[in-house]
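Structure assessment
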Amino acid sequence: MHQSFLEYVLSDLQNKGTDFSECTFVLPSKRSGTFLKKHLANTLTKNIFSPDIQSIQDFIADISGMEQTSNLDLLLVLYEVYKDSPIEEPDDFPSFLKWGQTLLQDFNEMDGYLIPAHDLLNYLSAIKEISHWSVKKEKTELVQNYLQLWNKLETIYNAFSKTLKEQKRAYQGLMAKIAVSRLEDYSQNHNTKPIIFVGFNALTTAESKIVQHFLELGNGQVYWDIDSYFLDDPVHDAGLFIRNYQRNWPYYKNKASLKPQHNFLSSKKILITGVPKSISQTKYVGQLLHELNSNSAIDFSKTAVVLADESLLSPMLQAVPPSINATNITMGLPLNKTVLYSFFMALLELNANTSERGWFYKYVLELISNPYCLTLSTSGAKDFAPILAKDIKEQNWLYVTTSVLTKYAEDNSALETLFPKEPISVLQWTNNCLLLIDRLKNIFQEEKNALELEQVYRFYTLFNQLKDYLAHVDFITELKSIKNLFKQLTSMETLDFIGEPLSGLQIMGMLESRNLDFETVIITSVNEGILPSGKMNNSFIPFDVKRDYDLPTYKEKDAIYVYHFYRLIQRAKNVYIIYNTEPDVLEGGEKSRLISQLLTDENIAPFVTHTIAAPHAHITPAQPLEINKGSLLIDDIIAFAHSGFSPTSLTNYVRNPIDFYTRNILKINDLDEVEENIAANTFGTIVHDSLEELYTPLLGTTLSKENVAALKPKISAIVKGHFQKNLSGVDISKGKFLLVYNVICKYLENFIDIEIKELQNHTVKLLALEEKYDVQLHIPELDFPVKLKGTLDRVDEFDGITRIIDYKTGKVESKNVKLTDWEELITNYDKSKAFQLLCYALLYSKKHDTNSLLAGIYSFKNLGQGLFSFSQDKNNTLIDAEVLSTFEGYLKQLILEICNPDNPLIEKAV
């Protein structure tokens with residue numbers, strides 16, 4: 001590799017005879033300071049006292065005499081100031097957090113670029129005044145409230161900065177602004193020691209003034225890490241900022257010239273690879289590292305994996321091959337990306353959404369399915385989590401109450417902490433979280449799980465920090481208020497990985513790579529929207545106002561990342577650039593313009609190779625699943641035939657033989673889930689059971705308009721009872737279930753109205769309700785008994801002819817019960833309704849030795865069309881001996897097909 005940038009800086013200073021121990025080095029980050037010390041130790045031939053090495057933030061803090069404070073502390077101070085400002089109806093704290101962060105960033109930018117608050121904030125207020133949406137001359141109350149904040153922005157800013165100055169605390173922009181005003185005083189006390197600024201690129205106006213001040217004073221030196229290829233190109237974004245300094249700084253006009261590097265066009269290997277989706281990129285990098293490791297010429301201490309999308313850290317760690325012994329991770333994993341965070345968020349959602357009826361089942365299931373809750377659950381005498389989850393689903397509890405939970409609480413105090421009996425305060429919630437952390441700590445100490453203990457410790461410190469905040473503010477009183485605060489804290493705090501920063505493979509984010517050079521560089525997620533990030537306007541200041549005041553827009557922010565990208569690859573020998581070929585909203589856009597620049601730049605093109613890495617997938621046409629009937633399956637089918645084929649099981653086979661195999665032979669049913677919206681089968685059960693209870697007193701009687709009309713007042717109570725029986729956990733007095741309850745009641749009322757209308761011209765005698773039938777079928781080809789069974793919803797005598805009625809709550813059309821081709825009955829699922837009616841007719845005729853029947857379906861979805869009667873041969877609705885005999889022949893044919901060992905079960909497309 002070429003001489004690294006930091007080595008070049010030290011070499012140049014050594015040639016000038018600089019006494020390193022007297023110097024103050026100012027760098028963009030603390031991390032580059034660690035590498036500077038390493039290179040300095042390698043450069044020196046004798047022992048010296050270490051020079052003062054500072055990051056730019058620490059250097060500015062030193063000049064200003066202020067202490068940089070955390071983002072959250074600033075937001076709390078800003079809210080106090082905003083609340084005390086002359087705004088009539090200030091937002092509450094959770095609402096403020098949604099926009100307070102953006103306002104803080106704008107204040108930071110305004111101060112960092114030394115723009116007078118009076119000018120910019122009044123300009124902003126005037127713009128909002130012009131653009132408000134009221135067309136009337138007199139402003140509405142809503143508009144006045146909206147404009148109040150903008151009109152008072154300057155007042156809020158002045159009070160905010162005054163409060164911070166009194167407390168000797170500041171954000172970066174304010175600190176830089178104060179530092180500029182104190183430069184003269186600082187210089188008088190530090191005018192002899194050389195101050196070396198190393199590797200900067202995009203400086204704010206305040207930082208620029210500070211650097212220029214020391215350069216003009218004579219004891220300052222600045223080293224830019226910029227290649228002449230970018231500096232001399234008038235439009236290349238990588239040199240945008242440094243070209244401006246070269247053009248505009250008096251120091252470069254009058255005293256010195258800017259010295260660029262000459263490394264970018266030196267021989268190198270650049271491999272650009274497109275990989276589908278983000279996780280695949282990390283897998284590809286893992287494979288690449290494995291291949292590089294096999295090549296002993298690669299020095300992993302001079303290799304870096306740079307994650308442009310930092311959320312890929314966790315999968316990247318999983319993808320690093322075990323053969324790589326040393327790995328140093330310079331990024332922290334944000335706490336809000338950990339599973340432990342999701343546990344506390346689930347607990348917060350549960351505790352914040354307690355109602356009189358208990359806890360909503362979704363919040364309970366989300367919490368008890370979290371791995372940390374399962375860990376706490378198994379630590380007691382009784383593992384409550386899986387039992388509680390099973391009971392919620394099986395008993396359809398929409399709400400879980402404290403009384404229900406007592407039976408799971410045997411010897412497990414964690415349950416009482418997770419599900420407090422009374423509503424709790426914010427402080428109680430924080431204390432409960434600390435109690436749970438203590439229990440988790442004890443469990444993980446026993447297991448000697450170091451990574452889990454580290455996570456638990458980070459949350460322990462975070463909750464103590466949260467407790468500290470709560471003790472000092474009085475506006476966080478509800479659990480919902482703490483939610484945004486907790487989110488803010490966890491997004492800013494990280495789980496830090498402790499490693500040896502100077503050895504092994506380096507895994508880092510884009511900003512951590514500043515001033516560092518590597519022989520082999522692997523950069524992931526080089527897509528638009530990620531690298532560079534593009535038009536993300538997280539600011540209240542409009543684009544044109546930013547332009548007027550020379551504030552950075554998305555163009556300048558993109559140029560920062562363009563610089564970092566090109567700086568990383570300018571001295572490297574091997575560069576691997578990986579991008580996502582499948583752009584979407586969450587994972588960036590198309591491949592980055594930076595890749596297009598490399599591919600089209602004729603000076604660098606000879607070094608570039610572009611490939612797409614995709615799995616070698618052999619696409620074969622989907623073959624229908626085929627299950628041969630072995631002896632065990634035949635035994636199961638025989639046992640099933642012995643217990644009885646139902647019409648539904650036979651129509652399952654007609655629809656798809658594999659459905660028959662899974663549902664009827666293997667008895668694999670749909671997953672048990674809580675019915676938040678009523679399932680179709682439960683809806684049907686309630687309708688069927690309610691009709692049975694309503695009509696049972698009339699069994700064996702001839703129906704009259706009077707006795708049928710007398711059923712109407714009973715509908716409400718009967719339906720209510722069946723709701724409790726089938727969905728015990730639901731409340732039908734409100735919400736979705738109230739609507740469903742009313743729909744069922746209306747269905748039954750409409751059915752009774754149709755019955756009354758029918759009784760005006762016909763005589764109906766009720767013979768049976770929900771009666772179960774089963775008959776032995778005589779099939780000589782089979783040497784085992786076969787039974788047909790079914791439940792007839794209703795049997796009556798209609799004008800002297802026996803009629804079988806089936807109730808359906810789903811949709812039925814007349815074509816479903818009309819038969820023109822008998823073959824369709826056992827091949828076409830559309831005729832399943834006709835098949836069921838004929839099964840019921842056959843069952844009834846064999847039991848009661850009758851050969852003259854009617855059969856039909858009442859569809860509650862279209863009751864207005866009356867009874868859909870089975871018919872064949874031009875609307876002949878009578879089911880006589882000939883029809884039953886023909887049907888029995890086709891029924892036996894279907895059963896023989898099912899029981900034939902040589903006939904495999906073949907999947908049908910449904």
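It should be noted that the structure appears before, not after, this text.
Given the structure is predicted, the values throughout are model-derived calculations rather than measurements.

Rules and cut-offs
- Residues numbered from 1 in each chain as written.
- Predicted model: local features only at pLDDT ≥ 70, side-chain atom pairs only at ≥ 80, totals over all residues.
- Heavy atoms only, no water.
- Helix = DSSP H or I, 4+ residues; strand = E, 2+ residues; numbered from the N terminus.
- Buried < 20%, exposed > 50% of the residue type's maximum accessible area, 1.4 Å probe, protein only.
- Contact = heavy atoms within 4.5 Å.
- Areas by Shrake-Rupley, 256 points an atom, 1.4 Å probe, with all protein chains shown as cover.
- Lys, Arg positive; Asp, Glu negative; His and termini not counted.
- Charge placed at Lys NZ, Arg CZ, Asp CG, Glu CD.
- Salt bridge = Lys/Arg side-chain N within 4 Å of Asp/Glu carboxyl O.
- Expected span 1.5 Å × (residues − 1).
- Arc of directions from axis to C-beta.
- Core = buried A, V, L, I, M, F, W, Y, C linked by side-chain atoms within 4.5 Å.
- Axes fitted to C-alpha atoms, helices over the stretch in contact; angles between N-to-C directions.
- Parallel < 35°, antiparallel > 145°, perpendicular 65-115°, else oblique.
- Left-handed = near helix turned anticlockwise from the far one by under 90°.
- Nonpolar A, V, L, I, M, F, W, Y, C, P; charged D, E, K, R; others polar.
- Pairing = 2+ DSSP bridges.

**So, the overall build of the protein**
Each helix and strand counted, the protein has 37 helices and 27 strands in total. Dimensions along the principal axes, computed over C-alpha positions, put the protein at roughly 120 × 70 × 60 Å. Counting the 910 residues in the protein, one finds 51% classified as buried. Within the protein, counting contacts between residues at least 6 apart in sequence, those at least 24 apart form 78% of the total. Accessible area of the protein: about 42500 Å², with a carbon and sulfur share of 49%. Side chains of the protein give 89 positive and 114 negative charges; the mean places of these two sets differ by 2 Å.

**Focus: the pattern of salt bridges**
Summed over the entire model, instances satisfying the criterion amount to 27 salt bridges. Between Lys892 and Glu888 there is a salt bridge, and its shortest N-O distance comes to 3.8 Å. Pair noted here: Lys892 and Glu888 are both in helix α37 (residues 881–899), with a separation of 4 residues, about one helical turn. Bridged by salt links that share partners, the residues Glu755, Glu758, Arg794, Asp796 and Arg803 form one connected network.

**Describing helix α29 (residues 631–643)**
Between its first and last C-alpha atoms α29 spans 18 Å; for 13 residues at 1.5 Å apiece the expected length is 18 Å, and the two agree. All of the buried residues along α29 are Leu633, Ile634, Ile637, Phe640 and Ala641. The arc that holds the buried residues of α29, viewed along the axis, is 120°, so those residues lie on one side. Turned more than 90 degrees off the buried face of α29, the exposed positions are Ser631 and Leu632. Trailing α29 by a residue or two, Gly644 shows a phi angle of about 120°, which is positive.

**Remarks on helix α13 (residues 240–248)**
Buried within α13 are the following residues: Leu240, Phe241, Ile242, Arg243 and Tyr245. Looking at the buried positions of α13, the neighbouring elements they touch are α12 (228–231), α14 (250–254) and α27 (554–570).

**Let's talk about the nonpolar core**
Ranked by internal contacts, the top residues of the largest apolar core, which has 242 residues, are Trp224, Phe565 and Tyr695. Beyond its immediate chain neighbours, meaning those up to four positions away, Tyr695 contacts Leu703, Val708, Leu711, Phe751, Ile752, Glu755, Leu766, Leu769 and Arg794.

**Here's the deal with the packing of α27 against helix α28 (residues 593–600)**
In the contact formed by α27 and α28, the axes pass within 11 Å of each other and the chain directions differ by 50°. In terms of orientation, α27 and α28 fall into the oblique class. As α27 packs across α28, the resulting crossing turns out to be right-handed. In this structure, α27 uses Asp558, Val562, Phe565, Tyr566 and Ile569 to contact α28, whose residues at the interface are Arg593, Leu594, Gln597 and Leu598. Taken together, the residues of the contact of α27 with α28 sort by class into 6 nonpolar, 1 polar and 2 charged.

**Regarding the sheet that holds strand β16 (residues 520–524)**
With respect to topology, 7 strands assemble into an open sheet ordered β9-β15-β8-β16-β17-β7-β18, the strand pairing being parallel. The open sheet is flanked by β9 (327–329) and β18 (608–612), the only strands paired with a single partner. Between one strand axis and the next, the sheet turns through 15° on average, direction left out of account. Of the pairings in the sheet, the one linking β16 to strand β17 (residues 574–580) comprises 4 bridges and is parallel in character. By the bridge assignment for β17, Val521 is matched with Val575.

Shape is all these values report; function is a separate question.
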